[in-house]
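The chain contents come next:
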Amino acid sequence: MLLWIKAFHVIFMVTWFAGLFYLPRLLVYHTQVGPGAEHDRFCVMERKLYAIMTLGMILTWVFGIWMLTMLPGHMSQGWMHAKLALVVTLTGYHGWLKAHLRRFAAGTNTRSHVFWRWANEAPVLVLFGAVILVIVRPF
Ligand code: HEM
């Protein structure tokens, strides 16, 4: 049973990350268009992608917490504390993206494409950290 839950945890984590990697990339291109049909098309793509990645995030949490209830000893491990800290930060980043999507939709984004290129790198760091913590368990 635990292995099934873990498999779904990883599947939904990949779904979440696909969106976390692609959404800021869409925003890089969105900064380069003015008002009009192209802008509207970007807004639709961003909204739909955000809905799918939010589902991925929720289910990653659900399956992760489900495993924690079966493995309570993990809650006293340093690697798990560090992983949860990274995941909470990532969840904050996810919500922060939503606030920016609203600004894009309202035409009030002030950030440049360079900013969004850098924002695109943040989930990469979390991915490296969380996967290394949970598999290598360095502390
Ligand atoms: C959302 C909150 C999360 C919780 C509560 C959580 C919790 C857990 C737990 C309890 C396990 C089982 C560890 C074991 O087998 O002993 C696990 C496995 C795993 N988690 Fe998460 N996790 C979360 C998010 C993430 C994220 C964001 C990633 C990737 C960046 C991730 C990657 C993994 C991987 C790759 C495994 C399998 C490790 C193995 O081979 O045993 N998790 N997670």
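Residues numbered from 1 in each chain as written. Predicted model: local features only at pLDDT ≥ 70, side-chain atom pairs only at ≥ 80, totals over all residues. Heavy atoms only, no water.

## Details of the nonpolar core
Counting 22 residues, the largest nonpolar core has Trp-16, Leu-20, Leu-23, Met-53, Leu-97 and Trp-116 as its most contacted members. Only helix H1 (2-30), helix H2 (37-70), helix H3 (78-106) and helix H4 (113-119) provide two or more residues apiece to this core. Here this core takes eight residues from H1, the largest share from any one element. What Trp-16 contacts, discounting residues up to four positions off in sequence, is Met-53, Gly-56, Met-57, Thr-60, Val-87, Leu-90, Thr-91 and His-94. (Core = buried A, V, L, I, M, F, W, Y, C linked by side-chain atoms within 4.5 Å. Buried < 20%, exposed > 50% of the residue type's maximum accessible area, 1.4 Å probe, protein only. Helix = DSSP H or I, 4+ residues; strand = E, 2+ residues; numbered from the N terminus. Contact = heavy atoms within 4.5 Å.)

## Overview of the coordination of the iron atom of the ligand
Note on the iron atom of the ligand: its protein donors are His-9 (NE2) and Lys-83 (NZ). The metal-donor distances range over 1.7 to 2.0 Å. Geometry at the iron atom of the ligand is octahedral, judged from its six donor atoms and the angles of 86 to 178° they form at the metal. Taken together, the positions of His-9 in helix H1 and Lys-83 in helix H3 put the pair 74 residues apart, joining distant regions of the chain. (Donors = N, O, S within 2.8 Å, 3.2 Å for Na, K, Ca; no water. Tetrahedral: all angles 85-135°; square planar, octahedral: opposite > 155°, others 65-115°.)

## Digging into the environment of His-100
Of note, His-100 is situated in helix H3. Spatially, the C-alpha atoms of His-100 and Arg-111 are 9.4 Å apart, while their sequence positions differ by 11 residues. Setting aside residues up to four positions removed in sequence, His-100 forms contacts with Arg-111 and Trp-116.

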